[in-house]
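Summary of structural features
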Amino acid sequence: CSCEQVTHTGEVSSHRTRGLLALSSALACAAVGAALPVSPSAAGATALSLPATGAGIDISYPQCVRGSHVDLPANIPFAVIGVNGGVASTSNPCFSSEYNSAFLLGGTTDQPHASVYVNTGNPALAAAWWPSSDHTQAGTAVVNPNGSCENLAGAACAYVYGYSMAQADYRRVRATLVGMPGLWWLDVETTNRWQADVVANAASLSGMVDYFTSRHLDVGLYSTPYQWNKIAGATQATSDLAGLPSWLAGGSYFGAPADCEKSPLTPNGRVAMIQYVMNLDNDRSCRRFEVATATISPGDQSVVGSQLTGLSGNWGPGDVSYSYQWNRDGSAIPGATSNTYVPTAPDVGTMVTVTITGLESGYSAASKTSSGVAVLPGPYA
């Protein structure tokens, strides 16, 4: 069966299994409003439970039954709640009750006990509302880094659309909660409506990021590498999408710890969570290294033929493995991948650095680059 449905807006609503509907393929393809009747108020409802993994959960409108929701088991350390009803222009009718249930969760976690995710997209002129100027649907003027929006389907109007959808999401949440969630994830999936123009798609996402950060909120990206590249293309290090934490879908119970070491969706980011499906959508929080340093001994200056040693210190906790890459004026030196390096004639007059990457199951891979050491001619030059 198909898990997509075209709405009256022309946008595509994703009925992908998010949360407690992951019990069977039939339930995963259920229509909106036909969610599994597990509300505490529903007849015959039973309590839900999680395996003892310390994993969180993500839930949204599919778990909403007649305006009620499933109370979260006490052993869940955190939950991510969907703001929308499947597409960016709709609302999750149970958002407030689901979020407040998550807000009351206890226990130790590297994630907020309650955070939110929002749908994204770039439907262009097929949308229920599409900008014709640099103003949001609510009339707010937008400073547009992509030029002037003139009711076209390119990056300029896509940026305004994303900015406007984020503003609408912010106002939805502000109208229902006493406090504003600090962390907002952008749900980037091919099941929502996108254009073939990856530049315009990325602009829509940038518009959302820029609005949320203008409200002093943290933003992360949910996707898979395949979907991200298909939708947004290659992300430049200068983009405002770079450096954001990644929440990767498609993991497994046993593989989630090692998946934390995967590459993030965008440059300079980190993998913060891994989603995997058992009887529901679990989310493994990836830990950060408490210490991450890279230095060279001896420092400041060296001469050709004199050995340099890359020092990581103790990143900990746990058993961390390290890899090394020596660089000359910022460019990797081919084959220089041990913890030591002996400068040669081409290094004279340059700055040599070492990039150390730490890897440990359950931890986000982290890389640190040392300060530079000036290489001078030596007796072996």
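A brief structural summary. What you are looking at is a predicted structure, and each value in this text was computed from that prediction instead of being measured. (Residues numbered from 1 in each chain as written. Predicted model: local features only at pLDDT ≥ 70, side-chain atom pairs only at ≥ 80, totals over all residues. Heavy atoms only, no water.)

Next up on the list: the overall build of the chain. Tallying secondary structure elements over the chain gives six helices and 19 strands in all. Burial statistics for the chain: of 381 residues in total, 51% are counted as buried. Excluding contacts between residues fewer than 6 apart, the proportion of contacts in the chain whose partners are at least 24 apart in sequence is 68%. For the chain, the computed accessible surface area is about 16,300 Å², with 54% contributed by carbon and sulfur atoms. (Helix = DSSP H or I, 4+ residues; strand = E, 2+ residues; numbered from the N terminus. Buried < 20%, exposed > 50% of the residue type's maximum accessible area, 1.4 Å probe, protein only. Contact = heavy atoms within 4.5 Å. Areas by Shrake-Rupley, 256 points an atom, 1.4 Å probe, with all protein chains shown as cover.)

With that out of the way, let us pick up the sheet that holds strand β11 (residues 295-297). The sheet built from three strands is open, its strands ordered β11-β13-β16 with antiparallel pairing. Taken across any chain shown, the strands that pair with only one partner, and hence form the sheet edges, are β11 and β16 (340-341). Here two bridges tie strand β13 (residues 308-311) to β16, and the two strands are oriented antiparallel to one another. Within β16, the residue paired with L308 across the bridge is Y341. (Pairing = 2+ DSSP bridges.)

Glancing now at helix α2 (residues 95-103). Taken together, the buried positions of α2 are occupied by F95, E98, Y99, S101 and A102. One side of α2 holds all its buried residues, which, seen down the axis, span an arc of 160 degrees. The inward-facing, buried residues of α2 abut β3 (56-59), β4 (79-82), β5 (114-119) and α3 (155-176). (Arc of directions from axis to C-beta.)

Take the side chain of N327 next. Note on placement: N327 falls in strand β14 (residues 321-328). Within the structure, the side chain of N327 is placed 3.4 Å from the backbone oxygen of Q325, a separation counted as a polar contact. Among the polar contacts made by the side chain of N327, one reaches the side chain of T355 at a distance of 3.1 Å. Residues within four places of N327 in sequence aside, it is in contact with A332, I333, M351, V352, T353, V354, T355 and T369. (Polar contact = N/O pair within 3.5 Å; in protein donor to acceptor, adjacent residues only side chain to side chain.)

Turning next to the packing of α3 against helix α4 (residues 198-214). Relative to each other, α3 and α4 sit at 40 degrees, their axes nearing to 7 Å. In this structure, α3 meets α4 at a crossing whose hand is right-handed. Contacts between α3 and α4 involve A155, A158, Y159, Y161, G162, Y163, M165, A166, Q167, D169 and Y170 from the former and V199, A200, A203, S204, S206, G207, M208, D210, Y211, F212 and S214 from the latter. Of the residues in the contact of α3 with α4, the class split is 14 nonpolar, six polar and two charged. (Axes fitted to C-alpha atoms, helices over the stretch in contact; angles between N-to-C directions. Left-handed = near helix turned anticlockwise from the far one by under 90°. Nonpolar A, V, L, I, M, F, W, Y, C, P; charged D, E, K, R; others polar.)

We now examine the state of the cysteines. For the structure on display, the rule yields three disulfides. For C149, the disulfide goes to C157, at an S-S distance of 2.1 Å. Around the S-S axis, the bridge from C149 to C157 shows a dihedral of about 100 degrees and counts as right-handed. Comparing C149 with C157 shows no difference in burial state: the two are buried. The disulfide partner of C260 is C286, and the gap between their sulfur atoms is 2.1 Å. Here the disulfide of C260 and C286 is left-handed, its torsion about the S-S bond being about -80 degrees. Of this pair, C260 sits in the loop between α6 (256-259) and β9 (271-277) while C286 sits in the loop between β10 (281-285) and β11, placing them 26 residues apart in sequence. Judged by relative accessible area, C260 falls into the buried class, the value being 0%. What makes C286 buried here is its relative accessible area of 2%. (Disulfide = S-S within 2.5 Å.)

What follows is about the pattern of salt bridges. The full count for this structure, using the stated rule, is three salt bridges. Measuring nitrogen to oxygen at the nearest pair gives 3.5 Å for the salt bridge that ties K262 to D259. (Salt bridge = Lys/Arg side-chain N within 4 Å of Asp/Glu carboxyl O.)

The next point concerns the sheet that holds strand β6 (residues 183-187). Each strand in a sheet pairs with another by means of backbone hydrogen bonds, the pair being arranged parallel or else antiparallel. In space, the eight strands of this closed barrel follow the order β3-β4-β5-β6-β7-β8-β9-β10, with mixed pairing throughout. Averaged over all pairs of adjacent strands, the angle between strand axes in this sheet comes to 30 degrees, irrespective of strand direction. Inspection of the sheet shows β3 paired to β10 by two bridges, in the antiparallel sense. Looking across to β10, one finds that I57 is bridged to N282. Relative to β6, α4 is tilted by about 170 degrees, and along the sheet it contacts β5, β6 and β7 (218-223).

Turning to the pairing of β14, a few remarks are in order. Sheet topology places β14 next to strand β17 (residues 351-359); eight bridges connect them, and they run antiparallel. Opposite Y324, over in β17, you have I356 as the bridge partner. For β14 and strand β15 (residues 331-332), the ladder comprises two bridges, and the chain directions are antiparallel. By the bridge assignment, R328 is partnered in β15 with S331. Connecting β14 to the antiparallel partner β15 that follows it, the hairpin turn spans two residues, and D329 within it adopts a positive phi of roughly 50 degrees.

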